[in-house]
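Each chain is listed here by its residues.
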Amino acid sequence: MEHFCFKLVAAEGVGAVINLIMCACMCRYTQEKEEEGEWGQALMGIVVLGLNRSHAKNALNRNLLKMMSKAVDALKSDKKVRTVIFRSEVPGIFCAGADLKERAKMHSSEVSSFVSKARATVNEMANLPVPTIAAIDGTALGGGLELALACDIRVAASSAKMGLVETKLAIIPGAGGTQRLPRTIGVSLAKELIFSARIVDGEEAKSIGLISHVVEQNEAGDAAYRRALALAREFLPQGPVAMRVAKLAINQGMEVDLVTGLAIEEACYAQTIPTKDRIEGLLAFKEKRPPRYKGE
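Residues numbered from 1 in each chain as written. Predicted model: local features only at pLDDT ≥ 70, side-chain atom pairs only at ≥ 80, totals over all residues. Heavy atoms only, no water.

## What to know about the overall build of the chain
Move 1: A tally of regular secondary structure across the chain gives 12 helices and 12 strands.
Move 2: Counting only residues that meet the buried cut, the chain has 49% of its 296 residues in that class.
Move 3: Residue pairs in contact within the chain that sit at least 24 positions apart in sequence constitute 67% of those at least 6 positions apart.
Move 4: Approximately 15000 Å² of the chain is accessible, and the part contributed by carbon and sulfur atoms is 56%. (Helix = DSSP H or I, 4+ residues; strand = E, 2+ residues; numbered from the N terminus. Buried < 20%, exposed > 50% of the residue type's maximum accessible area, 1.4 Å probe, protein only. Contact = heavy atoms within 4.5 Å. Areas by Shrake-Rupley, 256 points an atom, 1.4 Å probe, with all protein chains shown as cover.)

## Re the confidence of the model for the chain
Move 1: Confidence in the prediction of the chain, expressed as mean pLDDT, is 86, and 85% of residues score 70 or more.
Move 2: Ranking the helices and strands of the chain by mean pLDDT puts strand S9 (residues 153-157) first, with 98, and strand S3 (residues 26-32) last, with 27.
Move 3: Segment residues 1-42 is flagged for pLDDT under 50; beyond a separation of four residues in sequence, or across chains, it makes 105 contacts in the model. (pLDDT = per-residue confidence, 0-100.)

## Observations concerning the sheet that holds strand S6 (residues 93-95)
Move 1: Read across the open sheet, the 4 strands follow the order S6-S8-S10-S11; overall the sheet is mixed. In this open sheet, the two strands that pair with only one neighbour each are S6 and strand S11 (200-201).
Move 2: Note: S6 against strand S8 (residues 139-141), 2 bridges, orientation parallel. Along S8, the bridge assignment pairs cysteine 95 with alanine 140. (Pairing = 2+ DSSP bridges.)

## Things to note about unusual backbone geometry
Move 1: The phi dihedral of asparagine 58 is positive, around 60°, even though this residue is not glycine.
Move 2: By secondary structure assignment, the location of asparagine 58 is in the loop between strand S4 (46-52) and helix H2 (62-76).
Move 3: On the basis of relative accessibility, which here comes to 0%, the residue asparagine 58 falls in the buried class.
Move 4: The phi dihedral of lysine 288 falls on the positive side, at around 55°, and the residue is not glycine.
Move 5: Residue placement: lysine 288 occurs in the segment after helix H12 (276-287).
Move 6: Of the residues examined, lysine 288 reaches a relative accessible area of 78% and is grouped as exposed.

## Here's the deal with helix H9 (residues 223-235)
One turn of an α-helix holds 3.6 residues; hence residues three or four places apart share an orientation.
Move 1: Compared with an ideal rise of 1.5 Å per residue, which puts 13 residues at 18 Å, H9 spans 19 Å between its outermost C-alpha atoms and is within 8% of the ideal.
Move 2: The complete set of buried residues in H9 reads Ala223, Ala224, Tyr225, Ala228, Leu229, Leu231, Ala232 and Phe235.
Move 3: In this structure, the buried side of H9 is in contact with S4, strand S5 (83-88), strand S7 (132-136), S9, strand S12 (213-215) and helix H10 (240-253). (Expected span 1.5 Å × (residues − 1).)

Structure representation (structure tokens):
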């Protein structure tokens, strides 16, 4: 039986730990006790979603998309989740894109259905209410890069390879690539990369704005993941409600004119006014101590 594995774990195995292990015909979902101590507190709320389909370079097939959708669905309703990191547990690979061996066996009508499911799953990722970070420590091609583009922030190793290469196969990116890439790096450059099916490394990706941070790969092969963890730790002290509505205001505002965007900002700001966290923030400032936010 072919196995695939998703692990949702708080960083370094601490914090609110969620293990989600799935294979083709079964799933198991457990939540373990939070660890105590300063380290556990520092990482509480960071959830790591790890791709692990090593024999196929994390290529996306029907089962993997189904598991991704279930994993994201579990995350979006969990108020303890503060930041989500998407990474690969397969050395040298983030995600190689669609499973072309499976695709070759599909009828044309099945292909359309599969691409629609892939697009919907990536949209679910993009619509997670908390900050999301893609840690790209290896190759991210086609649908793999589209997964990363759906995240709020992308971090990559300098040795990582990224590209939307679908035109080489006489198709186009179908999981949001034609829309998210130009919104990320600009229309003209996005067209150039898609038309040429060019693959860029981490340094070039940083120079064109495809990723936010580039890091030299380490011996363990997880430098981008480590940088993503550091970013996630920077997010944790902030008010949880504020983080969610800030993301909502930015995401919705970028799709409309400035006047409408400012109205969206006003509506989102209004959601923070009645919260207990806002009062706690003011009290903590007055008392010169760190705030203790509860997401209320």
